[in-house]
Amino acid sequence: MVRSYRKYEPTTSFGTISTTTSNTLWSPSSNTTSSARSTGAGKAYTAANEAVLAWDIKTGVLLSRWHDVSSRALVTCLSQCAPQPDLIAVGYSDGAIKIWDALSGQVVVAFNAHRGAVERLVFDHEGTRLASGGRDTDIIVWNLLSETAEFKLRGHKDMITGLHFVRTPVSRRQSPHTDEAVDVGDSGEEEEFEQRYLLSTSKDSLVKLWDLVTPHCVETHVAQSGGECWALGLNRDGDAFITAGNDSELKVWSLDLHALVELGTGAAGQGKRQDVLQSEGILLRQGKDRTIEVSFHPKQDYVAVHGSEKAVEILRIRTPEEIHRHLQRKRKRRREKAAAAGETLPAEAEEETPAPAVGDVFVPYTVIRTGGKVRSADWAAPGSRNNKSLQILAATTNNQLELYTLTSHRALTQSDSKEPPEHTRSLAVELSGHRSDIRTLALSSDDRMLASASSGQLKVWNLRTQTCLRTLDCGQALCSAFLPGDRIVLLGTKTGELELYDVSTSTLIESIPAHDSAIWTLAVHPDGKSVVTGSADKSAKFWRFDIVSEEVPGTLRTTQRLKLTQTRILKLSDDILSLCFSPDARLLALSTLDNAVKVFFTDSLKLFLTLYGHKLPVLNISIAADSKLIATCSADKNVRIWGLDFGDCHKAFFAHQDSVMQVSFIPHPVEKDESHLLFSASKDGVLKSWDGDKFEQIQKLDGHHGEIWAMAVSRTGETIVTASHDKSIRVWSVGDDLVFLEEERERELEEMYEATLAANLDRDARDEDGDANDTSTVAASKQTLSTLTSGEKLLEALDFAYPDLLASQGHAANPTTIPPPQRDPIFLALGSPSPESHVLSTLRKIPPASLNDALLILPFAHLPALFTFLAILFRRRMQPELAWRVTYFLLQAHMSQIISSGGLRAELQEIFDASGAWVKGQKGVFGFNLAGLEIMGVEAREREAGTGWVNGEEEDEESDLSKGKRKRG
């Protein structure tokens, strides 16, 4: 009989506040869901490995979590849509882009065309377009209304580091009845803006200006003299920006918007035009590290700049009046200095003011010192321009969010204060995660509480709700355990101390200097009355639990507390890395630095077995519940299973791609045949389960994006908890399905084959696109597994529907001689749809962003069948817009073959006639609607003529050009 195993599935992940792979967004609290109470401090959107988290900054509560179960890619970029703040664009490391709805927590639109991680995302001011820049050096402009890619811009030689749409005034229309360049619009109406230009920077040190109407590069400049450009910040008026590179150098640029308008209207002439982008000067930051981000305040004149250190520098932009006064003072000081030196300066006109330098406009304001290295900084609570305080949200690399409040220059001026501006850390989100990597995990006896310890912090979690119950300060923890009763947690630290913590009172009971060096491991005796610790000082010490009575100071009462009393000591010749009791308490196994494992009798401490075989030190050991097997894992990437009867090695297998950090049997299995199930966790980020009897791998559990440092298995093996370098704690639980070894191996081979197939298809498509270093505009295309699946489904639908259509047409032509066709069972199972309805349903199920890539899967031999169905769709008005899009793309993709073969003339003529009839009908509908709207407008003006709202007399548009006549710029 084939054996089955319980299947483990990822259930939840917690402990992560913000990861270093992406930026952080601030949003006002008014956009939270109705169930979340508004607190006024706003909320933050952060990346948590493959998920996006929304935090309430004031309460530190997790509001929502967005994660696509089908994707394991890391979140690399976040961007918020200004017209619709509930739409958040998220870029991933596999090149995918997903737009999430913050209210429903669902994906609205998904794109996938980048061949590298998405580094930058930006919406336009109307929220209808999205520009994305990737690590693959490409810039793609997406149309959010049609859910398609408009084009791909190529020209940069390295990853994109900055993107911004440029707002330019809309050039007004010219009067058709005069030769003058007259603006015939109403002089009182608000000026309109358009965003037809895109500004980009790259690691190749270039800054480029792109025209999005006739997609091409308008200008290219060298942004940084240091060789790389890492940040781009555009001011709120859109006429200046700052670029930053590897060092403290910030280059300030001006952007001539009027020249851009003339360039767009063709009024610049054929002569040599002036550059739109002009370098104005260089600023120097205080920090010498690489600049990561430059951010202008959306309402006030401040700029936030930060690198990878623990500081955010705030620059202030002087007003024109301040600049004028500053230049006057500089001129006065220059004259006084010359007079003191006896020199004579040339006379200057009083009304002439020299052009200000960059240092005269941008002045250092303050430096905010953060609690960790800054990964992202975003202005919070922009409010109005009259605010007396500023707020900035900083996400640091040590897994926390900090909100800083600083006094504005306006408030300092009004109070006549000469003190430098102060900043305070007003709020923080930090309790829901560790500041550094978790090194040890421990589960309580009832598997309800989880203790996780890192360097300086011990946290106790409710495993069911994933909430942090206690946070305690501790030493640099290396090992931990819950003591019997689950009220006390015992920690071993790197300094050799044993620390006892009371969970209920959140206090440190006692700190014992137990060893002279780091305590690498500890284990509680199966009887629960003692504990043994192993250290780098080459000794293992045995400690007994005693209850002692102590007097309460100032009273006559006494209180009882736990005390550890040393009873025995076992000295070895090498450092002890791990130790473990056998469940029957008969044996004690220890691993040492000499790559060996020594097994002693617990009572006499006499050597029983020595296990040799590993090539590098054994990092962890575990003994099965029946005390018959012992498993060891090592830095040599191997796991070995030994028999405890004679110390023979049953099996040694290459388990992981990196050092195996933890190995564990199920402590108290419910089923007897699960007593030899083994789990291993490694620095390659993978958790695996093994059959200790058959020596075969059962499951491979991917999920972590960094090294797994610690693992804990629940009492009956229902739950496994792992902690990783990616700051996450992941829980793996038993699901409803079963695992069969052959099926699991087949599934792994299928995944490998599908990934290889999609990669080969994409490589072929990339070769067809040409050299990526060419400055050109190409179509955005990428073959993925989803597009391959969609194309195969369409191919299958055509194979079923086309013969059915031909048989139906033959029967309709000769109903007396040809019997009714026998339909395929698939059509009967789907409810007997017509062939064209089946093909249309298959086309509609393909996402619009993947439709072109899916159509490329079709071979040329299937085009006649598809064109036949498209003509039917046009004639019957069944989604003619979709039919025209498919027809147009197929004509573009296969034009050369269609011309050379000449066999599709009849099908194409049929499509041409049917589509022409559809277009003619649509024109009639549009004309009818326009005429109806004009009649409704006339009726509305007639009704409002007597109300005083509008002037009832019709005036010609050009009758009074003299009023409000304005020359175009």
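Residues numbered from 1 in each chain as written. Predicted model: local features only at pLDDT ≥ 70, side-chain atom pairs only at ≥ 80, totals over all residues. Heavy atoms only, no water.

The name an unreviewed UniProt entry assigns to the protein chain is Small-subunit processome Utp12 domain-containing protein, from the organism Cryoendolithus antarcticus. In the Sequence similarities (unreviewed entry) part of its UniProt record, the protein chain is described as follows: "Belongs to the WD repeat WDR3/UTP12 family." Under the UniProt heading Subcellular location (unreviewed entry), the note attached to the protein chain is "Nucleus, Nucleolus". (UniProt positions renumbered as here; feature names shortened; annotations may be inferred.)

**A short note on the sheet that holds strand β47 (residues 638-643)**
Strand order in the open sheet made by the four strands is β45-β46-β47-β48, with antiparallel pairing throughout. Of all the strands in the sheet, the pair left with one neighbour each is β45 (618-623) and β48 (649-654). Averaged over all neighbouring strand pairs, the angle between strand axes comes to 15 degrees, with direction disregarded. Where β47 and β48 come together, five bridges link them in antiparallel fashion. Bridging from a neighbouring strand, V639 pairs with F653 of β48. (Pairing = 2+ DSSP bridges. Helix = DSSP H or I, 4+ residues; strand = E, 2+ residues; numbered from the N terminus. Axes fitted to C-alpha atoms, helices over the stretch in contact; angles between N-to-C directions.)

**Quick notes on the UniProt feature "domain: Small-subunit processome Utp12" (unreviewed entry) in the protein chain**
Under the UniProt annotation, "domain: Small-subunit processome Utp12" (unreviewed entry) lies at residues 835-935. A distance of 44 Å separates the end C-alpha atoms of residues 835-935, which is 80% helix and 0% strand.

**A look at the domain arrangement of the protein chain**
Interface extent is often summarised as the accessible area lost during association of the parts. Split into domains, the protein chain comes out as domain 1 (435-537 + 539-570), domain 2 (573-734) and domain 3 (785-920). Look at where the C-alpha atoms of domain 1 and domain 2 centre, and you get two points 22 Å apart. If you look at the interface, domain 1 gives 32 residues, while domain 2 gives 31 residues. With both sides pooled, the region where domain 1 packs onto domain 2 buries about 2,400 Å², and carbon together with sulfur makes up 71% of that total. The largest contributions to the domain 1 side of the interface with domain 2 come from D437, L441 and L570, which together make up 21% of the buried area. Taken together, domain 1 and domain 2 are joined by one salt bridge. Between K727 and D437 there is a salt bridge, and its shortest N-O distance comes to 3.5 Å. Our count for the contact surface shared by domain 1 and domain 2 stands at seven residue pairs in polar contact (both at pLDDT 80 or more). (Domains from an automatic or database assignment. Contact = heavy atoms within 4.5 Å. Buried area = accessible area lost by both parts, 1.4 Å probe. Salt bridge = Lys/Arg side-chain N within 4 Å of Asp/Glu carboxyl O. Polar contact = N/O pair within 3.5 Å; in protein donor to acceptor, adjacent residues only side chain to side chain.)

**Here we look at the packing of helix α10 (residues 863-875) against helix α11 (residues 880-893)**
Between α10 and α11, the shortest axis-to-axis distance is 9 Å and the interhelical angle comes to 150 degrees. What the angle tells us is that α10 and α11 run roughly antiparallel. When you trace α10 past α11, the crossing you get is left-handed. Side by side, α10 and α11 meet where L863, L866, F867, L870, L873 and F874 of the first sit next to P880, A883, W884, V886, T887, L890 and L891 of the second. Tallied by class, the residues present in the contact of α10 with α11 amount to 12 nonpolar, one polar and no charged. (Parallel < 35°, antiparallel > 145°, perpendicular 65-115°, else oblique. Left-handed = near helix turned anticlockwise from the far one by under 90°. Nonpolar A, V, L, I, M, F, W, Y, C, P; charged D, E, K, R; others polar.)

**Some thoughts on the pattern of salt bridges**
If charged atoms from side chains of opposite charge come close, those side chains can pair. As enumerated under the stated definition, the model contains 27 salt bridges in all. The salt bridge involving E718 is made with R6; its shortest N-O contact spans 2.7 Å. Taken together, the residues span a long stretch of sequence, with E718 in the loop between β53 (708-713) and β54 (719-724) and R6 in strand β1 (residues 5-14) at a distance of 712 residues. Linking R544 and D546 is a salt bridge whose minimum nitrogen-to-oxygen distance equals 2.9 Å. In this structure, a network of salt bridges that share partners links the residues R3, D673 and D691.

**Notes on a nonpolar patch on the surface**
Side chains of L930, L933 and M936 sit close together on the surface and give an oily, nonpolar patch of about 340 Å² of accessible area. With respect to the helices, strands and loops of the structure, M936 is situated in helix α13 (residues 905-944). A residue is classified by how much of its surface remains accessible, and M936, at 54% relative accessible area, is exposed. (Patch = residues over 30% accessible without salt bridge, like charges linked within 9 Å, V, L, I, M, F, W, Y side chains within 5 Å. Areas by Shrake-Rupley, 256 points an atom, 1.4 Å probe, with all protein chains shown as cover. Buried < 20%, exposed > 50% of the residue type's maximum accessible area, 1.4 Å probe, protein only.)

**Things to note about unusual backbone geometry**
Glycine aside, the phi torsion of most residues is negative, and most peptide linkages are trans. The phi dihedral of N49 is positive, around 60 degrees, even though this residue is not glycine. Following the sequence through the fold, N49 ends up in the loop between β3 (43-48) and β4 (51-56). Take N49: its relative accessible area is 4%, and that puts it in the buried class. Even without glycine at this site, N595 takes up a positive phi of about 70 degrees. By secondary structure assignment, the location of N595 is in the loop between β42 (587-592) and β43 (597-601).

**Looking at helix α1 (residues 257-265)**
Listing the buried residues of α1 in full gives L257, A259, L260 and V261. Against the buried residues of α1 lie β14 (160-169), β16 (193-202), β17 (206-211) and β21 (249-255). Regarding α1, its N-cap is D256, as a side-chain oxygen of that residue lies 3.3 Å from the backbone nitrogen of H258 further along.

**Considering the UniProt feature "transmembrane region" (unreviewed entry) in the protein chain**
Sites flagged by UniProt as "transmembrane region" (unreviewed entry) map to residues 854-874. Secondary structure over residues 854-874 splits into 67% helix and 0% strand, and the C-alpha atoms at its two ends are 21 Å apart.

**A short note on the environment of R745**
Within the element layout of this structure, R745 appears in helix α5 (residues 741-769). Between the C-alpha atoms of R745 and N399, which are 346 residues apart in sequence, the distance is 37 Å. Excluding anything up to four places from it in sequence, R745 contacts Q697 and I698.

**Here's the deal with the sheet that holds β42**
Spatially, the four strands line up as an open sheet ordered β41-β42-β43-β44, and their pairing is antiparallel. A strand with exactly one partner marks an edge of an open sheet, and here the two such strands are β41 (576-581) and β44 (607-611). Each adjacent strand pair in this sheet contributes to an overall mean axis angle of 20 degrees, direction not counted. As judged from the four bridges shared by β43 and β44, these two strands associate in the antiparallel manner. Bridging from a neighbouring strand, V599 pairs with L609 of β44.

**Some details on the confidence of the model for the protein chain**
Interpretation of this model should avoid reading the predicted coordinates in detail wherever pLDDT is low. Averaged over the protein chain, the pLDDT score is 86; the fraction of residues at 70 or greater is 90%. Contacts from residues 31-38, a stretch scored under 50 in pLDDT, to residues over four places away or in other chains number 11 contacts. Overall, residues 948-969 carries pLDDT values under 50, and its contacts beyond four positions in sequence, including any with other chains, amount to 32 contacts. (pLDDT = per-residue confidence, 0-100.)

**Some remarks on a negative patch on the surface**
Judged by side-chain charge, E742, E743, E746, E750, E754, E792, E796 and D799 come together as a negatively charged surface patch. When residues of the negative patch are traced back to their parent elements, those giving at least two are α5 and α6 (785-813). Among the elements that make up the negative patch, the one with the highest residue count is α5 (five residues). Structurally, E743 is set in helix α5. (Lys, Arg positive; Asp, Glu negative; His and termini not counted. Charge placed at Lys NZ, Arg CZ, Asp CG, Glu CD.)

**Describing the packing of aromatic side chains**
Overall, the coordinates contain 12 aromatic pairs when judged by the stated rule. Considering the side-chain rings of Y45 and W66, the 5.4 Å spacing of their centres and the 35 degrees angle between planes classify their relative orientation as tilted. Of this pair, Y45 sits in strand β3 while W66 sits in strand β5 (residues 62-66), placing them 21 residues apart in sequence. The two residues Y45 and W66 agree in class, both being buried. (Phe/Tyr/Trp six-rings, centres within 6.5 Å; stacked < 30°, edge-to-face > 60°.)

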